[in-house]
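Now for the letters of each chain:
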2 protein chains.
Amino acid sequence: MRLDELGEFGALARLIRDAGALRDDVILGPGDDAAVMRFTGGEDLVVTTDAFIEGRHWREGWLAPAELGRRLVAANVSDLAAMAAEPRWALIQYGMPRACDIAELEAIQSGVARALEAEGATLVGGNLSSVEGARWLSLTLLGACSPGLVWKRSGARPGDLVGVTGSPGRAGATVRLLERLGVDECASRFSLLLDGFRAPESRVAFARALAAADGVSAAVDLSDGLAADLGHLCDASQCGVELDLRSLAPDARLEAAAAFLGIRADELQISASDDYELVLAVSPGSADACASLAARHGVPFAIVGRITEKSAGRVLVDANDARDWPAGFDHFAR
Amino acid sequence: MRLDELGEFGALARLIRDAGALRDDVILGPGDDAAVMRFTGGEDLVVTTDAFIEGRHWREGWLAPAELGRRLVAANVSDLAAMAAEPRWALIQYGMPRACDIAELEAIQSGVARALEAEGATLVGGNLSSVEGARWLSLTLLGACSPGLVWKRSGARPGDLVGVTGSPGRAGATVRLLERLGVDECASRFSLLLDGFRAPESRVAFARALAAADGVSAAVDLSDGLAADLGHLCDASQCGVELDLRSLAPDARLEAAAAFLGIRADELQISASDDYELVLAVSPGSADACASLAARHGVPFAIVGRITEKSAGRVLVDANDARDWPAGFDHFAR
């Protein structure tokens, strides 16, 4: 049934029904003017928000509605992972056209609810607005962290090593393949990349264990591209950085995509966005412990550079040539 | 300078600069992956979110950018007031076209920051996305309430009286006048209504004092229209209600608008939306205390009906005729 047949309050009732089970600390969940949660003292509250815009973050058919919900959660979860915080509660906002079918919203919402549940988190509220033009979704994710354990972007110091989780570049490569090939051909020729794009993994458990073990001096969510996000970390930390392209793990899936797209795989690794991974500044003495903790959590992890003095600038080290530090994804760049 | 000239990160740097002073309990404000706040135990966390869509909540020229920011805050603050909660921290999201000038965003943001500051609250983060088509803004507001003091929609009982703050109908009347007359003529002929629309008042201090004094059994934010929001309260409380139109205070400003628009003033009072006021279910013994507390806070307050058994349904009492219970604003109604 279309939203304008069901009406706002009929639609909200359906969405509230699909919000999933509530955490025990939720005193008042969706359906009132606000949500109420019991927050015991001794922890800090950590909050982030991120929006998905149709045409930029997804296009028709790229993602099943539940996968779209899952990716939206992943984008926010990776912000909390980059703080070493534990996700707990979320609010979802939908900007949807009047002709949208409630079944589609329910499917998005079930994807959101399941992805939150996998984190031990709960949907506690939200909002539904009618829009003309591009649809959008927005999630606000609330979590907690022990005081003093939170990772900031600003803590990196010269001599720290730079670690990165996952396989940077794959999400951005997949977006380019989807744009070039359309969804069906992308699915048949690059199914593993597409599968990964549709089901990003959470780095929260790894981050929480790593924060407890100490050794990380700064962290940033990898979402604008490795070089760009490392640049954000260096801006906040007032440091320079040396990123060694030779230390990026070879990635056969990415190389196949790069060959098809006619670009270098390492360009994707350093510049492509939307990976929802972590970039970490690690003290040299902790790099081995960090790598073995990653292995124990099944998280791909590599040391790919080191933090330097600010005066040394930002340097890409390559076997063959010197390269300019690339710009990352910018919503407003022309 | 246009957003696509400045770039996302240049624009964010400007907006972060304009976010205003931080509360002392903010450990990490705008600019990192998430915001971090110290939340001492012994209180409950209360969270709401509300979006404004261009074309629906505002049109070009209706509101100066700072007034738009102020109204967005007011819409969210009234949700927390309806919980008797205290606003503390907020995240703002912008969906803006690439051609948008940063000066306009900065002006919106200064309105948001000032309106939050008046509540003792702080902007701690946000997000900036590019959109094609209608612009939108979204705020998530976090606050706190002592356990057990929070007002829910579901607590009303037969015999409770229904109170309402402010002058219901004025905001919706102003929207209709703006649509009909345009902003210049509306400003010259209905300046006091337009002034009120541009600067909605907070009911938080009144709500907090009233919650401490006890006597309110249920509350809802007045934003979809008095009859509709009272209906939400009755749905949640499993009650009926009798709304006595004769007890609605005569409102000369509203009557002038109604006469111009060719509709009855009491239609606007019961059906028009966007007032950001409070609807309260009050135990009969507390009605006088409630009224004098309202007077002390300079808040217009009237008892306009009473809660009944669910079987009695929803009744509009009028000197002349019986009327159907009206529908409220619905984002998706045709």
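Residues numbered from 1 in each chain as written. Chains lettered and ligands numbered in written order. Predicted model: local features only at pLDDT ≥ 70, side-chain atom pairs only at ≥ 80, totals over all residues. Heavy atoms only, no water.

(A) Looking closely at the overall build of chain A. Tallying secondary structure elements over chain A gives 11 helices and 12 strands in all. Principal-axis analysis of the C-alpha atoms gives chain A an extent of 60 × 50 × 35 Å. Counting contacts in chain A only where the partners sit at least 6 residues apart, residues at least 24 apart contribute 84% of the total. Of the roughly 12,100 Å² of accessible surface on chain A, a fraction of 48% belongs to carbon and sulfur atoms. If the 32 positive side-chain charges of chain A are averaged to one point and the 48 negative ones to another, these points end up 2 Å apart. (Helix = DSSP H or I, 4+ residues; strand = E, 2+ residues; numbered from the N terminus. Contact = heavy atoms within 4.5 Å. Areas by Shrake-Rupley, 256 points an atom, 1.4 Å probe, with all protein chains shown as cover. Lys, Arg positive; Asp, Glu negative; His and termini not counted. Charge placed at Lys NZ, Arg CZ, Asp CG, Glu CD.)

(B) Examining the relation of the copies chain A and chain B more closely. The transformation that overlays chain A on chain B combines an axial shift of 0.0 Å with a rotation of 180°, and the residual RMSD is 0.0 Å. The two molecules are tied by a two-fold rotation axis, judged by turn and shift. When C-alpha distances to the rotation axis are compared across chain A, the minimum falls at G41 of chain A, with a value of 1.7 Å. Of the residues that chain A buries at the interface, 100% are likewise interface residues in chain B, meaning the two copies contact each other through the same surface. (Least-squares fit on C-alpha atoms with pLDDT ≥ 70 in both.)

(C) Spatial organisation of the confidence of the model for chain A. Of the residues in chain A, 99% have a pLDDT of 70 or more, and the chain-wide mean is 94. Across the predicted assembly, pTM comes out at 0.95 and ipTM at 0.94. (pLDDT = per-residue confidence, 0-100.)

(D) Quick peek at the interface of chain A and chain B. At the interface, 67 residues of chain A touch 67 residues of chain B. Counting each side, the surface lost to burial between chain A and chain B is near 5,500 Å², with a carbon and sulfur contribution of 55%. The largest share of the area that chain A buries against chain B comes from D33, L45 and F332 of chain A, three residues that together contribute 15% of it. Put simply, chain A and chain B have 6 salt bridges between them. Close ionic contact of D32 of chain A with R153 of chain B constitutes a salt bridge, the shortest N to O distance being 3.8 Å. At the junction of chain A and chain B, the tally comes to 21 residue pairs in polar contact (both at pLDDT 80 or more). Here the side of chain A that touches chain B is composed, by residue class, of 34 nonpolar, 15 polar and 18 charged. Here strand β3 (residues 44–53) of chain A pairs with strand β2 (residues 35–38) of chain B via 4 bridges, running antiparallel. (Buried area = accessible area lost by both parts, 1.4 Å probe. Salt bridge = Lys/Arg side-chain N within 4 Å of Asp/Glu carboxyl O. Polar contact = N/O pair within 3.5 Å; in protein donor to acceptor, adjacent residues only side chain to side chain. Nonpolar A, V, L, I, M, F, W, Y, C, P; charged D, E, K, R; others polar. Pairing = 2+ DSSP bridges.)

(E) Inspection of the sheet that holds strand β4 (residues 86–96) of chain B at higher detail. Overall, mixed pairing links the 6 strands, which are arranged β1(A)-β2(A)-β3(B)-β6(B)-β4(B)-β5(B) in an open sheet. For this open sheet the edge positions go to β1 (26–28) of chain A together with β5 (122–130) of chain B, each flanked by a neighbour on one side alone. Sheet twist, expressed as the average angle between the axes of neighbouring strands with direction ignored, equals 20°. In this fold helix α3 (residues 65–81) of chain B packs onto β3 (44–53), β4 and β6 (136–145) of chain B, with an angle of close to 140° to the strand it touches most, β3 of chain B. (Axes fitted to C-alpha atoms, helices over the stretch in contact; angles between N-to-C directions.)

(F) Layout of the packing of helix α5 (residues 170–189) of chain B against helix α6 (residues 191–198) of chain B. Residues and elements named next belong to chain B. Where α5 contacts α6, the two axes come as close as 9 Å, and the packing angle between them is 120°. Taken together, the axis directions place α5 and α6 in an arrangement best described as oblique. Crossing of α5 over α6 shows left-handed handedness. In this structure, α5 contributes R170, A171, T174, V175, L177, L178, V183, C186, A187 and R189 to the contact, and α6 contributes S191, L193, L194, F197 and R198. Its residues assigned to classes, the contact of α5 with α6 comprises 10 nonpolar, 2 polar and 3 charged. (Parallel < 35°, antiparallel > 145°, perpendicular 65-115°, else oblique. Left-handed = near helix turned anticlockwise from the far one by under 90°.)

(G) Fine view of the packing of aromatic side chains. If you walk through the whole model with that rule in mind, you get 8 aromatic pairs over all chains. Through a chain of ring-to-ring contacts, three or more aromatic side chains come together here, namely F39 and W89 of chain A together with F39 and W89 of chain B. The residue whose ring lies beneath R71 of chain A is F197 of chain A, and the NZ or CZ to ring-centre distance is 3.9 Å. (Phe/Tyr/Trp six-rings, centres within 6.5 Å; stacked < 30°, edge-to-face > 60°. Lys NZ or Arg CZ within 6 Å of the ring centre and 35° of its normal.)

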